Structure formats: structure tokens, C-alpha cells
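# Structural characterization, general
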Amino acid sequence: MLNKITFNKSVRDFILAAFEKSVDNQGYIIEKKSKQRVIAPDGLDVQIDEFGGVRNGSLVFIKSDLPSLVQLCDDLAK
Amino acid sequence: MVFLRKLKSLIKIDVDLAKLKKGFNLTINVNSNNKVDNRTINIDLNTLNEKKKRELAALLKGAVGEGNLLLEEDTESRFEDIKFVSGQQEYKDVVEYFTDKLSKLDLQILRMAVYLKSVSDRGESVDQLKLEIRKKYGERGNNIANLYSAGYFFTLIKPLYEGMAKDVNFSKDKFLERYNVIVMHYPFAVFVSKQMSLEDVEKEIVGKMERNKKYGIKTMNIHGIGKANVDKISEVLIQIKSDLIKLPTIESDQGLYYGDDLVLRGIIYKYRYDFGAFGIEKVDEEAFGSNGIIKDGDS
């Protein structure tokens, strides 16, 4: 079990590509194949600027804002 | 262990597998060279060819699938800070006290407000955090954050609950009804933000004064953090000074000077004034200072 895996903003595209995702021309993260926008646990699309990371659970996209991170703390504490 | 071995072969650096067996951190970036520093393995993406990048991508995918978090550096740092603050006594006390008294939504916002205050207390900017709360929870989120930062959850809301709870006819709904008025209208306070123009500040202050007069509320606090906000408050107070029956007083927590510029950082100036509920008495203008306000208790 790893403690942490982190990445710098400069390699975001690589990280997204590793999960078969890319960014559309409006700045939203999309599925590479279907071009469908991915959604975060709050049910909303994820813009590349608010992309904070991923975790498992059929691949959950984590936003970097405070409400999403507090929610992440709660989810991991369960 | 399998992951470590694959990683070791991928980046060809000397990794002490036994030392990292119990756990390690992996960071991926550019222009930093591949290296191992204590328990942190650093991978420079620019040192990998396309084949190795594909291998690394597959490793990451597998690691996330096994339950590991993959976070952007700043996000990870914020996440760790939230976890740290969540373990602090103030946070625990607030959550414990308000858990059965507020809605789940308000409790969630309140937890963010406690975190925001802890960041502010360290002297760091909270503009972005406030924006994020507002974006997600709208005016209600913004108001709860303001009220908590200014101490009203313990100086007003907690005493309100405890006072009401003594009544034999007390119900949680009755408390929430009054609590909602405080959260959505806070008639006793105005919070001045950077986004508010001078006109906005005046409209907010005068509007609340007018509304309060109808209900016999005679006092109000005006909060502003930073020199720009304090200046706006001072301007408005000069304009409305004839409506005041008592001179406003200022309370400030701290002050910092840098070189020749006055920098007001993390300062809460609290102007208090009374005005007549049923008719305004004119103030003695001679008693005002040159900037229209009297300093009292500035420390």
C-alpha cells in the first residue's frame, strides 16, 4: 500500500491520458473515446483547472475545491 | 512490493526496497530528475521515453485501482491541512456542539468555516476558499463563513440555543427558525468584502439600519478585514454620521507595518454604534476624529 502519489500540475495531461481521459475545447475533462464529460461526486462536470486527482470506486474524479476535499475526508473516514 | 520492483526497473535508480516496504510517497513532475529522497520517490516525466511513460501510466492506473489516492500536489497539501485541522480541538468542539442542532448541510458548511478561520488565523489569504464555499453553497455558505469567522456562533448562536432550550416549550424547529434569520439576514452585522464598492457598502449599512429601526434593533457591528475595506467603512461612516446617536468605536485584533506602507493584515475592525429605534438624535460632530471615527481600544 502506498502512502501518497502526487503529481505536479505540469503533468496533468499525462495523468489524464493514463486514465484514457483528455480535455475538450471548453476546458472540461472528457472520456477520450466517447468524448463524454466526466463528472465529480457533486454531479457536476470537472474543468481542468479544478482537477485535483483521482481515486478508485469506478474511478472518482476529485475536484480541488474546499467542499470537495472535505467530502473526500468524510468518504475516506467511512 | 511488486509495484516497487516495477517502479525500480522503470526509472533505474537505486531504491532500498526493504526501507520503503512499509510505505512511501511517489511524486511525478518534470525537470526534477529521478531520485529517492528518504521515503519519497521522484519521477521526472521528461526522463522517460514513450514506452516507459506507457508503463508508468499502467502502474498508476493499477495503484489507483488498489485504493491509492492520486492527487495534484497543491490539492494534496490542502487535503492534508484539512485533515490536520479536523483533528484540532476547536474543530472537534464545534462539530460536537452543533451536530444535533443544525441541518446536515449547515453543519457541513460550518466545518468548512472552521477550516477557513484556521487558515485565516495563520495569516494566509482565504479569498479563494471563501469563493469556493460561495460557489457551492451560495449566500448561505458565505454568511455562515462570515458569522463563524467573526465569532458569532459562540457569542450569539450558542447562547441563543441555550437560552431557548431552557423554555419548557422549546423545540429544535423554533431554534432553527431564529437561527435562519441570523444566518440569512444577520441584522446585527455587516461584512464588508473586497468585491463591494463604496456604494454597495453604504447601501448595505443604511439598508440594514433602516430595516433594524423597524424592529427596535439599536446596534450593529461592521466588519472589514484589510486596509481597503476599513477605508470603505470609514468613508461610509463619515457620510452617515448624522444618523448616529453614539460614536462608533473600533476594536482591532492586531496591526502590522511594513516599511512606509501601512498594511492591515488579518485585522478585524469592528465599528459599533447605536441609533435610535424611533427617531434619530444628531451626534456631536466635534467629537468625531479627522477621519470621521473615534478610535477606542485599538491595540
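Structure first, text after, so check above.
Notes on the structure in this doc start here. (Residues numbered from 1 in each chain as written. Chains lettered and ligands numbered in written order. Predicted model: local features only at pLDDT ≥ 70, side-chain atom pairs only at ≥ 80, totals over all residues. Heavy atoms only, no water.)

This part takes up the overall build of chain A. Helix and strand content of chain A: two helices and five strands. Listing each helix as α and each strand as β along chain A from the N terminus yields β-α-β-β-β-β-α. For chain A, whose C-alpha radius of gyration is 12 Å, the value lies close to the compact-globule estimate of 12 Å for 78 residues. Counting only C-alpha atoms, chain A reaches 35 × 25 × 20 Å along its principal axes. (Helix = DSSP H or I, 4+ residues; strand = E, 2+ residues; numbered from the N terminus. Rg over C-alpha atoms; globule rule 2.2 N^0.38 Å.)

Inspection of every chain in the model, using the stated rule, returns 23 salt bridges over all chains. The residue Lys 9 of chain A makes a salt bridge to Glu 72 of chain B at a minimum N-O spacing of 3.8 Å. You can see Lys 9 of chain A sitting in the loop between β1 (4-7) and α1 (12-18) and its partner Glu 72 of chain B sitting in strand β4 (residues 70-72), one on each of two chains. Judged by relative accessible area, which is 39%, Lys 9 of chain A ranks as partly exposed. In this structure Glu 72 of chain B comes out as buried when scored by relative accessible area, which is 3%. For Lys 63 of chain A, the salt bridge is made with Glu 50 of chain A, and the minimal N-O distance between the two is 3.8 Å. Taken together, the positions of Lys 63 of chain A in strand β5 (residues 60-63) and Glu 50 of chain A in the loop between β3 (29-31) and β4 (51-55) put the pair 13 residues apart, joining distant regions of the chain. The two residues Lys 63 of chain A and Glu 50 of chain A agree in class, both being buried. Look at the salt bridges and you will find they share partners, linking Asp 42, Glu 50 and Lys 63 of chain A together with Lys 135 of chain B into a network. (Salt bridge = Lys/Arg side-chain N within 4 Å of Asp/Glu carboxyl O. Buried < 20%, exposed > 50% of the residue type's maximum accessible area, 1.4 Å probe, protein only.)

This part covers helix α3 (residues 50-65) of chain B. Residue and element names in this part refer to chain B. Compared with the 22 Å implied by 1.5 Å per residue over 16 residues, the 23 Å span of α3 between its first and last C-alpha is a close match. Of the residues making up α3, those classed as buried are Leu 56, Ala 57, Leu 59, Leu 60, Ala 63 and Val 64. Viewed end-on, α3 has its buried residues packed into an arc of 165°, placing them on one side of the element. For α3, the exposed residues lying more than 90 degrees away from the buried face are Lys 51, Arg 54 and Gly 65. A positive backbone phi angle near 110° is found at Gly 67, which sits one or two residues after α3. (Expected span 1.5 Å × (residues − 1). Arc of directions from axis to C-beta.)

This next bit is on the side chain of Asp 44 of chain B. Position of Asp 44 of chain B relative to the elements: it lies in strand β3 (residues 40-44). With sequence-adjacent residues up to four places away left out, Asp 44 of chain B is seen in contact with Asn 29, Val 30, Asn 31, Ser 32, Asn 33 and Asn 34 of chain B. (Contact = heavy atoms within 4.5 Å.)

Residues and elements named next belong to chain B. At their nearest, the axes of helix α10 (residues 198-214) and helix α11 (residues 227-240) sit 9 Å apart, and the two run at 55° to each other. Taken together, the axis directions place α10 and α11 in an arrangement best described as oblique. Of the two elements, α10 crosses α11, and the hand of that crossing is right-handed. Between α10 and α11, the contacting residues are Leu 198, Val 201, Glu 202, Ile 205, Val 206 and Met 209 on the first element and Lys 232, Glu 235, Val 236, Gln 239 and Ile 240 on the second. Across the contact of α10 with α11, the residue classes tally to seven nonpolar, one polar and three charged. (Axes fitted to C-alpha atoms, helices over the stretch in contact; angles between N-to-C directions. Parallel < 35°, antiparallel > 145°, perpendicular 65-115°, else oblique. Left-handed = near helix turned anticlockwise from the far one by under 90°. Nonpolar A, V, L, I, M, F, W, Y, C, P; charged D, E, K, R; others polar.)

As a further point, take the nonpolar core. Of all hydrophobic cores here, the largest spans 49 residues; its most connected members are Phe 98, Leu 147, Phe 153, Phe 175 and Tyr 179 of chain B. Per-element accounting of this core gives the leading share, nine residues, to helix α6 (residues 104-121) of chain B. If we ignore the near neighbours within four places in the chain, the residues touching Phe 175 of chain B are Lys 101, Leu 102, Ile 157, Leu 160, Tyr 161, Met 164 and Phe 170 of chain B. Listed in part, the 39 residues of the second largest apolar core include Ala 40 and Phe 61 of chain A together with Leu 60 and Leu 70 of chain B. (Core = buried A, V, L, I, M, F, W, Y, C linked by side-chain atoms within 4.5 Å.)

Here the focus is a positive patch on the surface. On the surface, a cluster of positive charge is contributed by Lys 19, Lys 21, Lys 22 and Arg 39 of chain B. Within the secondary structure, Lys 22 of chain B is located in the loop between α2 (17-20) and β1 (25-29). (Patch = residues over 30% accessible without salt bridge, like charges linked within 9 Å, V, L, I, M, F, W, Y side chains within 5 Å. Areas by Shrake-Rupley, 256 points an atom, 1.4 Å probe, with all protein chains shown as cover. Lys, Arg positive; Asp, Glu negative; His and termini not counted. Charge placed at Lys NZ, Arg CZ, Asp CG, Glu CD.)

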